[in-house]
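Letter by letter, the chains look like this.
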Amino acid sequence: MHVRADGTGIAVDLATTALLPRVLSTTAHGARVALVGARALLLAGDEVHLDVVVGDGCALDVVEVAGTVAYDGRGGPPSAWTVRARVGDGARLLWHGEPFVVASGADVVRRVEVDLAAGARALLRDVLVLGRSGEEGGALLATTRARLAGRALLAEDLDLREPGVRRSPALLGAARCLDTVTLLGARGEGGDVFQLEGPGSQARALLGDAHTSPLGPLWARWRAGLPQPLRDDAGVPA
C-alpha cells in the first residue's frame, strides 16, 4: 500500500494478498483505505505481510472493517502477522486497529515496525484479545519497533505465550484484553500516559472485554491534536 503525490493529486498503489485493500476516499493530501480479509485469517502456517508507504507530505488513514481471529492451529506451524510502515517527511499515518483475537490453540507471532522520517507522525491503536468467549486464548508474541529519523524511538517485546506467565500482575493479571494507543513523532497529553524518551506517547488499558476500553476518547483527542496536512482539499497550501 503506497500513498504518494504524483504532481496532479494523490495516487494510491495497492496490492492484494490475504487482504483486499480498498480506497474509501481521497483528498488533495491523502487517502482513506479499508482492509478487508480475502479469506479466513489466521490459520496455521499463514504469513500475512502488510507493507505501507506514506509519501512525503501525504496522509493515510487505514481502516479495518472487522477484527482478525487467529484460529486453533491444531498442532500445525505458527502463523505470523507483520506490518512494516514507512512514513515520509511531514507525512501522517492513522491506523485504528480492530480486535486481534488469539483463539485457544493458536500460535502467533505479530510484528509491527514503523520508520518515520523527520516531521512524520503516526497514531496507532492496537487491541489484543486472548481467546474468544469462554476461552483461555492461545500463544502470542507481539513485537513493536519504531524509529524516527533513523534513531530508535520504541522497542517492545510482549511475550504472552505461556498462560501462567501472562497471568502475572506484571503482565495481564486477570485481564484477557490489552488496548494500546501509541503516538509516534509527537507527545500526547493525558493522565495515565507513558511518555517515551523521544517524541512519543503510549496509553494502555487492561480489560476483561475489549468493548469496555476507556481509550476511545483519548484516541480521538490525540487524533484531533495532530498537525493539519500540508495542503487542504483544494490543493492550496494550508
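Everything that follows concerns the structure shown earlier in this document.
Residues numbered from 1 in each chain as written. Predicted model: local features only at pLDDT ≥ 70, side-chain atom pairs only at ≥ 80, totals over all residues. Heavy atoms only, no water.

A. Representation of the packing of aromatic side chains within the structure. Scanning the model with the defined rule gives 1 aromatic pair in all. With a centroid separation of 5.6 Å and 75 degrees between ring planes, the pair formed by Trp81 and Phe100 is classed as edge-to-face. On the criterion of sequence distance, the pair formed by Trp81 in strand β8 (residues 79-87) and Phe100 in strand β10 (residues 100-102) is long-range, its members being 19 residues apart. Its relative accessible area of 2% is what places Phe100 among the buried residues. The ring centre of Phe100 lies 4.5 Å from the NZ or CZ of Arg110, which sits over that ring. (Phe/Tyr/Trp six-rings, centres within 6.5 Å; stacked < 30°, edge-to-face > 60°. Helix = DSSP H or I, 4+ residues; strand = E, 2+ residues; numbered from the N terminus. Buried < 20%, exposed > 50% of the residue type's maximum accessible area, 1.4 Å probe, protein only. Lys NZ or Arg CZ within 6 Å of the ring centre and 35° of its normal.)

B. Quick peek at the pairing of strand β12 (residues 121-130). Most of β12 is tucked away: 8 of the 10 residues are buried. Relative to β12, strand β9 (residues 92-96) runs parallel, the two sharing 5 bridges. Looking at the pairing, His96 lines up with Arg125 of β12. Relative to β12, β10 runs parallel, the two being bridged by 3 bridges. Bridge assignment links Phe100 to a residue of β12, and that residue is Leu128. Both β12 and strand β15 (residues 177-184) contribute to a ladder of 8 bridges, which runs antiparallel. Of the residues in β15, the one forming a bridge with Asp126 is Thr180. (Pairing = 2+ DSSP bridges.)

C. Representation of the environment of Ser133. Relative to the assigned elements, Ser133 resides in the loop between β12 and β13 (139-148). A sequence separation of 87 residues divides Ser133 from Asp46, and the C-alpha atoms of the two residues are 23 Å apart.

D. Broad picture of the pattern of salt bridges. Counted under the stated rule, the structure contains 13 salt bridges. Across the pair Asp13 and Arg4 runs a salt bridge, and its minimum N-O distance is 2.8 Å. Residue Asp13 is classed as partly exposed on the basis of its relative accessible area, which comes to 33%. Residue class for Arg4 comes out partly exposed when judged on its relative accessible area of 29%. Between Arg32 and Asp61 there is a salt bridge, and its shortest N-O distance comes to 3.6 Å. Highlighted residues: Arg32 in strand β4 (residues 30-37) and Asp61 in strand β6 (residues 59-64), separated in sequence by 29 residues. Here Arg32 falls in the partly exposed class, since its relative accessible area comes to 37%. Among the ionic contacts, a cluster of salt bridges with common partners joins Arg32, Asp61 and Arg223. (Salt bridge = Lys/Arg side-chain N within 4 Å of Asp/Glu carboxyl O.)

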